[in-house]
Amino acid sequence: MNKRLKGLKDIVAKRRDKDTVRSYSIGRNEACPCGSGKKFKKCCARNNPDKSIEEYFEAVQAAEEEKEVLKLLKEAVKNYPLEHRFLLPLIVYTLQNNNYQQAGKYLKHAWQLMGTELDEAFISPLVNIMLEQEEIDEAEALVRKALEAKGENIPLLIALAEVYKKGQNFQRVNDIIDRAMQIDSDNLQLIIFRLETLMDLDDVVSALSLFKKHYEQLKEYKQMRVISFLDDFITKRFNLAENKELEQKEALAQAAEIFNVFQQLDNLKMSSAESEGRELLNEIKDLPPKNSQIALDILARYLAAELYDDFRDFAEELEADHLRNPDFLRLLFLADYQQGNLNEAEEKIKTAFTIEKNRKDGHFHNWQVASDYLRFLVEYGEKQKLAKFVKDFADLLGEDDNLLASLMMLVESEEARNHQKNLLESLLELIETDLIDQIQTKDIYNNRLFISLSALDGEETIYDKGRDITTQELKDVIGEVEAADIDSPALSYAKLRLLKYQSNLEDDQKENLLQEVKEAAVESYFDTVAYYETILRFDDPAPILTEIPYGKFLDDEYLDFYRLVAALKLNYYEMGTELFHRQLLKESKNNKVMSYLVRLLRYFKQDSLIEHFRAMEVDEVIINYLKKLSERR
């Protein structure tokens, strides 16, 4: 018998023996705990099971497989919804196996059945699951009811703090933590929650200080996310793999002191920043090993404070250990760049890129170095040097990577559109002078169109209409593409997007543009995106489901998303349900549910999308999340 099966059977046996005196009831007019939406009296209260309660207990103990035990427990909960002894083992099992959707269902059943008699060990995960489902008010009411009945204790106070953390009310969170600390300041559950809260607030100084204070107790709990993160942070920042004489506890104390100085630097007044900043940094610069990343963090602080002489002196101290370190060379580049020493700056960032490019493991890791070098070359470099960078960078990419898309990603930032436009203009010059042949002119112009279309997408998703400056910019780009005599379906698609902003729309304009897209030569990723966007927005999307045209230019993830949009527009909910849940699962694992829903809102109004979700029986959690998202936006 495997351990999980034995453990599950043991839990059931203990409940059977110990909890025989307790019994509970559900009002006949209450909602049925099975989740059907019906009243209890018209649902599970009518059950007439074949097995008795004792027969279920005997069957569980006789079962030889885990699946069989689970099936019996679920059946017993369904047939005997007032019997908590089957329900609680199921909750423990689903929580242990991270099946939070099922756990939430059973926990809500248990709360409805047992109320404040439900143990705090079950109330805490119930509250967290409710918060994930955006049931914030309901979670708060539940915790307050439990606190009133049970009195203040640490698990319930942490649960209440989780409610306020979800609402971003960190003042209340800290007040509740203080109340809990008065009960037991050495409680590990409370200390770990406090650490998590400090990290959520980016208060690294307080987190490191708290970790240092309770290090001996916490070091054994590396399975906890926040402990694992801090432990890994110290190990890597101080290069403990090489600096074996430095114990982790000592490194932790140094980190707390160093980050405390960093915090003080952030709070200095402009008038005293230079003198006080120098004094503070000089106090800590000799604390960590010279070959550590945190020594480079201190060097970066000299640079941020514009203490260039001190920066140079400390850089000389670190040079022996970091001369071949691209991160070190990048800091030297930034110092020269900020002081206008462009020739020296170029040499250093070029060296950093070359070192990174020639790594022994064959993998390029430091994309920030590549980004800085590319931006510098676009702004100040010679055409030949930029062309060489493009060729070198192309060699670093995988066979399926798109060179132009990868270059565009390197210059992404808050001012991404301007950087990307400058890059595209520079690349166009290289193509026209025959300095590069890895990128096609058509793709440059397609990129220009899609940068403007992306801005229009964002505004239309939020405001239903693009601003005049955005539509005019798109018109200007269209004019440039036409002047260059570029034949691209993206051009016709862009014109289609602008039709609704025209005051004198001719009846045949839309049909002509639509036909141009359909008849255009589709030869690239951008051509394919233009085709799919056109068909989804302006034509019958059925061919996307039946033929999957030009699929070789898009990866499966992109194709599936377009097929989902097509399925929803055609009300093909069986196909839509399969595609949506598969994509949602993947986006959930990557913490990208919000951006995924925003993508869908590019094609549907909120009310329409909710109707489609209900038709696919999408969980109300997602629907509530979509509503909250729209309210915030």
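Residues numbered from 1 in each chain as written. Predicted model: local features only at pLDDT ≥ 70, side-chain atom pairs only at ≥ 80, totals over all residues. Heavy atoms only, no water.

### Examining the overall build of the protein chain
- If you tally the helices and strands in the protein chain, you get 34 helices and 0 strands.
- Each of the three principal axes of the protein chain carries a C-alpha extent, and together these read 85 × 75 × 50 Å.
- By the burial criterion, 48% of the 633 residues in the protein chain qualify as buried.
- Accessible surface, the protein chain: about 33300 Å² in total, of which carbon and sulfur atoms supply 45%.
- When the 86 positive and 118 negative side-chain charges of the protein chain are each reduced to one mean point, those points stand 7 Å apart. (Helix = DSSP H or I, 4+ residues; strand = E, 2+ residues; numbered from the N terminus. Buried < 20%, exposed > 50% of the residue type's maximum accessible area, 1.4 Å probe, protein only. Areas by Shrake-Rupley, 256 points an atom, 1.4 Å probe, with all protein chains shown as cover. Lys, Arg positive; Asp, Glu negative; His and termini not counted. Charge placed at Lys NZ, Arg CZ, Asp CG, Glu CD.)

### Digging into helix 2 (residues 53–62)
- All of the buried residues along helix 2 are Y56, F57 and V60. For helix 2, the arc enclosing every buried residue in end-on projection is 100°, short of the 170-degree limit, so these residues lie on one face.
- Buried residues belonging to helix 2 abut helix 1 (3–18), helix 3 (66–79) and helix 4 (84–96). (Arc of directions from axis to C-beta. Contact = heavy atoms within 4.5 Å.)

### Notes on the packing of aromatic side chains
- Under the definition given, this model contains 33 aromatic pairs.
- Aromatic side chains F233 and F259 sit 5.7 Å apart centroid to centroid with 55° between the ring planes, which places their arrangement in the tilted category. Within this pair, whereas F233 is found in helix 13 (residues 225–237), its partner F259 is found in helix 14 (residues 248–266), the two being separated by 26 residues in sequence.
- By relative accessible area, which is 19% here, F233 ends up buried.
- For the pair Y525 and Y558, a centre-to-centre distance of 6.0 Å together with 70° between the ring planes defines the contact as edge-to-face. Residue Y525 is located in helix 28 (residues 525–538), and its partner Y558 is located in helix 30 (residues 556–569); the two are separated by 33 residues in the primary sequence.
- Residue classification places Y558 among the partly exposed positions, given a relative accessible area of 24%.
- Positioned above the aromatic ring of F262 is the side chain of R301, whose terminal nitrogen or guanidinium carbon lies 4.6 Å from the ring centre.
- Looking at R599, its charged tip hangs above the ring of F561, at a distance of 3.7 Å from the centre. (Phe/Tyr/Trp six-rings, centres within 6.5 Å; stacked < 30°, edge-to-face > 60°. Lys NZ or Arg CZ within 6 Å of the ring centre and 35° of its normal.)

### Brief notes about helix 25 (residues 468–483)
- The end-to-end C-alpha separation of helix 25 is 22 Å, in line with the 22 Å expected for 16 residues at 1.5 Å each.
- Regarding helix 25, the residues found buried are T470, T471, E473, L474, V477, I478 and V481. End-on view of helix 25: buried residues confined to an arc of 155°, all on one side of the axis. Across helix 25 from its buried face, at more than 90 degrees, point the exposed residues D468, I469 and A483.
- In the stretch just after helix 25, D485 is the one whose phi turns positive, near 60°. (Expected span 1.5 Å × (residues − 1).)

### Focus on unusual backbone geometry
- Unusually for a residue other than glycine, N239 sits at a positive phi of about 50°.
- Despite not being glycine, D434 shows a phi value in the positive range, around 60°.
- By the secondary structure assignment, D434 is in the loop between helix 23 (416–432) and helix 24 (441–463).
- D434 gets classed as exposed once you look at its relative accessible area, which sits at 69%.

### Side note on the state of the cysteines
- With the rule as written, the count across this model stands at 0 disulfides.
- We note that C32 lacks a disulfide partner, and the nearest cysteine sulfur, in C44, lies 3.5 Å from it.
- For C32, a relative accessible area of 4% puts it in the buried group.
- Sulfur of C43: no disulfide; nearest cysteine sulfur belongs to C34 and is 3.6 Å away. (Disulfide = S-S within 2.5 Å.)

### Observations regarding the nonpolar core
- Among the nonpolar cores identified, the biggest contains 146 residues, and F389, L407, L427, F580, L597, L600 and F613 are the most heavily contacted of them.
- For this core, the element with the highest residue contribution is helix 14, accounting for 9 residues.
- Among all residues touching L597, those that are not within four sequence positions of it are F613, I622, Y625, L626 and L629.
- Grouped together as the second largest cluster of nonpolar side chains are 65 residues, I26, Y80, Y106 and L131 included. (Core = buried A, V, L, I, M, F, W, Y, C linked by side-chain atoms within 4.5 Å.)

### Describing the pattern of salt bridges
- Here the structure, examined in full by the defined rule, presents 45 salt bridges.
- Residue R359 pairs with E356 through a salt bridge whose shortest N-O separation is 3.5 Å.
- Put simply, D560 and R563 hold a salt bridge, and the shortest N to O gap is 3.4 Å. With D560 and R563 both in helix 30, this residue pair falls 3 residues apart, about one helical turn. Considered together, D560 and R563 belong to a single accessibility category, that of buried residues.
- Each of D457, E460, R497, K500, E533, R537 and R602 takes part in salt bridges that share partners, so that together they form one network. (Salt bridge = Lys/Arg side-chain N within 4 Å of Asp/Glu carboxyl O.)

### Considerations on the confidence of the model for the protein chain
- Per-residue pLDDT for the protein chain averages 90, and the proportion of residues at 70 or more is 97%.
- By mean pLDDT, the top-scoring element of the protein chain is helix 18 (residues 326–338) (97), and the lowest-scoring one is helix 34 (residues 620–632) (78). (pLDDT = per-residue confidence, 0-100.)

### Digging into the packing of helix 10 (residues 188–200) against helix 13
- Contact geometry for helix 10 and helix 13: axes closest at 9 Å, N-to-C directions at 60°. Between helix 10 and helix 13 lies a crossing of left-handed hand. Touching I192, L195, E196 and M199 of helix 10 are R225, V226, I227, F229 and L230, all from helix 13.
- Along the lines of polarity and charge, the residues of the contact of helix 10 with helix 13 split into 7 nonpolar, no polar and 2 charged. (Axes fitted to C-alpha atoms, helices over the stretch in contact; angles between N-to-C directions. Left-handed = near helix turned anticlockwise from the far one by under 90°. Nonpolar A, V, L, I, M, F, W, Y, C, P; charged D, E, K, R; others polar.)

### Considering the environment of E379
- Relative to the helices and strands, E379 resides in helix 20 (residues 367–379).
- For E379, a relative accessible area of 49% corresponds to the partly exposed category.
- C-alpha of E379 to C-alpha of H419: the two residues are 40 residues apart in sequence and 9.4 Å apart in space.
- Of the polar contacts made by the side chain of E379, one reaches the side chain of Y380; its length is 3.1 Å. (Polar contact = N/O pair within 3.5 Å; in protein donor to acceptor, adjacent residues only side chain to side chain.)

### Considerations on a negative patch on the surface
- Together, E257, E276, E279 and E283 make up a negatively charged patch on the protein surface.
- Tracing the backbone through its elements, the reader meets E283 in helix 15 (residues 273–284). (Patch = residues over 30% accessible without salt bridge, like charges linked within 9 Å, V, L, I, M, F, W, Y side chains within 5 Å.)

### Re the environment of I123
- Looking at the secondary structure, you find I123 in helix 6 (residues 120–132).
- Spatially, the C-alpha atoms of I123 and P155 are 8.5 Å apart, while their sequence positions differ by 32 residues.
- Apart from residues no more than four positions distant in its own chain, I123 is found in contact with W111, L118, L142, A146, K150 and L156.

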